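Analysis of the macromolecular model
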Amino acid sequence: MTDTVSFSQRLVKAGTPIFNEILKHPFVQGIANGDLPKEALTFYVGQDFNYLNAFIKVYAGAIQKCENRKQMSFFAQQIGFVLNSEIHPHHNFCDVAGVEYESLQHEAQAPFTYLYNEHMYNAARTGDLIDVVAAMTPCPWTYIEIGNELVRQGKNSESNVFKPWIDFYANFDDEDGSVLPSMFAMLDAEAPKYQEEHLARTEEIFLKSCELEWEFWDQAWNQRGWRFVEPKNTL
Ligand SMILES: Cc1ncc(CN)c(N)n1
């Protein structure tokens, strides 16, 4: 019997139980219900600013692994998108929290921001293109799914203060040149070049990023910092 499941479908299937936990997380439920503590919102934005800086650098790392201009152009375009457009959901959180965005752009990395960033850097340093893309895909995948699911549930009503955040991620693919289909297509184009042993490692990279997505929400919900170390700000 021929296997008709693509590699990206395999990753999504494997990651879905973690995604379902993300959807249930109190931070994500707080977005759905328009009710989150100011401390959780500001902690999240401070850490996410740092995370997205790392994400831009990992895109640059992915460019080094590209074999053609089409792939390079995709990653270059995505860097522009993170720099210029992904500031909008941060502004939504800052507006609700009543703080200036600029005041949250100098936070030191909390433990799971560090772990997630280093996980992606490691994939970019030691992996092939398929591994870097696998490390990065849970970022758009989980957020787009959250946005779509909350719209399906009618949570983006005018009365929800987080409507701009929900609408942004639900419309993510329309606005940004289809980041997720492009990443899935790249994974599927690269996968046939590898034996199962490598693909199983790639799947683990993807799943670790999914788990770190959950941890990232949880870290902000609990404002979890380092226990003994006082970290300095790093871009
Ligand atoms: C941690 C995290 N993951 C995903 C996204 C959506 N790009 C984000 N802004 N931050």
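Residue numbers run consecutively from 1 along every chain, following the written order of its sequence. Where totals are concerned, whole chains, interfaces and linings use all residues; where local detail is concerned, this predicted model gives features only for residues with pLDDT of at least 70, and gives and counts side-chain atom pairs only at 80 or more. Side-chain calculation: all heavy atoms of the structure are included, whereas hydrogens and water are not.

1. Focus on the overall build of the protein chain
Segments assigned H or I by DSSP are reported as helices when at least four residues long, segments assigned E as strands when at least two residues long, and all are numbered from the N terminus. Within the protein chain, the secondary structure is distributed over 12 helices and 0 strands. Seen in sequence order, the protein chain has helices and strands lined up from the N terminus as α-α-α-α-α-α-α-α-α-α-α-α. Dimensions of the protein chain, computed from C-alpha atoms along their principal axes, come out at roughly 55 × 40 × 30 Å. In the protein chain, buried positions account for 52% of the 235 residues. Residues are treated as being in contact if the distance between any of their heavy atoms lies within 4.5 Å. Long-range contacts, defined here as pairs at least 24 residues apart, represent 82% of the contacts in the protein chain between residues at least 6 apart. Working definition of accessibility: Shrake-Rupley area with a 1.4 Å probe, residue cover restricted to the visible protein chains. Of the roughly 11300 Å² of accessible surface on the protein chain, a fraction of 52% belongs to carbon and sulfur atoms. Two residue types count as positive, namely Lys and Arg, and two as negative, namely Asp and Glu; His and chain ends fall outside the count. Lysine's charge is taken at NZ, arginine's at CZ, aspartate's at CG and glutamate's at CD. Across the protein chain, 18 positive and 33 negative side-chain charges occur, with their mean positions spaced 4 Å apart. To sort residues, take the accessible area from a 1.4 Å probe on protein chains only and compare it with the maximum for the residue type: under 20% means buried, over 50% means exposed, and anything in between is partly exposed.

2. A few points about unusual backbone geometry
Positioned with a positive phi, Q223 is a non-glycine residue whose angle comes to about 45 degrees. Exposure remark for Q223: the relative accessible area of 33% places this residue in the partly exposed category.

3. Some thoughts on the packing of aromatic side chains
Centres within 6.5 Å are what make two rings of Phe, Tyr or Trp a pair, Trp counting through its six-membered ring; a difference in plane orientation under 30 degrees is then read as stacked, over 60 as edge-to-face, and the rest as tilted. Here the structure, examined in full by the defined rule, presents 25 aromatic pairs. Ring centres of F27 and Y44 lie 5.5 Å apart, and the angle between their planes is 45 degrees; this geometry places the pair in the tilted category. Note that F27 is positioned in helix α2 (residues 26-33) and Y44 in helix α3 (residues 38-63), a separation of 17 residues in sequence. Relative accessible area serves as the criterion here: at 1%, Y44 is assigned to the buried category.

4. Describing a nonpolar patch on the surface
A surface patch of nonpolar side chains, about 480 Å² in accessible area, is lined by Y114, W226, F228 and V229. On the basis of relative accessible area, Y114 is assigned to the partly exposed category, the value being 38%. Here a patch means residues that are over 30% exposed by relative accessible area and free of salt bridges, tied together within 9 Å if like-charged and within 5 Å if nonpolar (Val, Leu, Ile, Met, Phe, Trp, Tyr). Basic side-chain nitrogens of Lys or Arg form a salt bridge, by our definition, when they fall within 4 Å of a carboxyl oxygen of Asp or Glu.

5. Some thoughts on the site of the ligand
Every residue near the ligand is listed here: Y44, D48, Y51, L52, E86, C139, Y143, Y169, E213 and F216. N or O atoms closer than or at 3.5 Å make up a polar contact, with two conditions inside protein: a donor-capable atom paired with an acceptor-capable one, and, for residues adjacent in sequence, both atoms drawn from side chains. The contact in question runs from a nitrogen atom of the ligand to an N or O atom on the side chain of E86, over 2.5 Å. A distance of 2.8 Å is found between a nitrogen atom of the ligand and a side-chain nitrogen or oxygen belonging to E213. Summarising the interface, the protein chains cover 99% of the accessible area of the ligand, which totals 290 Å² for the free molecule. Cavities and pockets were defined on a 1 Å grid built over protein atoms only: a cavity is a set of grid points that admits a 1.4 Å probe from which the probe cannot escape, a pocket is an open set flanked by protein on both sides within 12 Å along at least five of seven lines, and lining residues are those with an atom within 4 Å of any such point. A molecule is counted as occupying a cavity or pocket when more than half of its atoms fall within 2 Å of that pocket's grid points. Assessed atom by atom at 2 Å from the grid points, the ligand resides in the second largest cavity. Per element, the largest residue contribution to the shell around the ligand is 4 residues, and it comes from α3. In this classification, Asp, Glu, Lys and Arg are treated as charged, Ala, Val, Leu, Ile, Met, Phe, Trp, Tyr, Cys and Pro as nonpolar, and every other residue, Gly included, as polar. Residue composition of the shell around the ligand, by class: 7 nonpolar, no polar and 3 charged. Here, proximity means that at least one heavy atom of the residue falls within 4 Å of the molecule or strand.

6. Side note on the pattern of salt bridges
Overall, the coordinates contain 8 salt bridges when judged by the stated rule. Of the charged contacts in the structure, one is a salt bridge between K193 and E190, with a shortest N-O distance of 3.1 Å. K193 gets classed as partly exposed once you look at its relative accessible area, which sits at 48%. The closest approach of N and O atoms between K208 and E204, which form a salt bridge, is 2.8 Å. With K208 and E204 both in helix α12 (residues 196-222) and 4 residues apart, this pair spans about one turn of that helix. Given the relative accessible area of 42%, E204 is considered partly exposed. Linked through salt bridges whose partners overlap, the residues forming this network are R10, E196 and E203.

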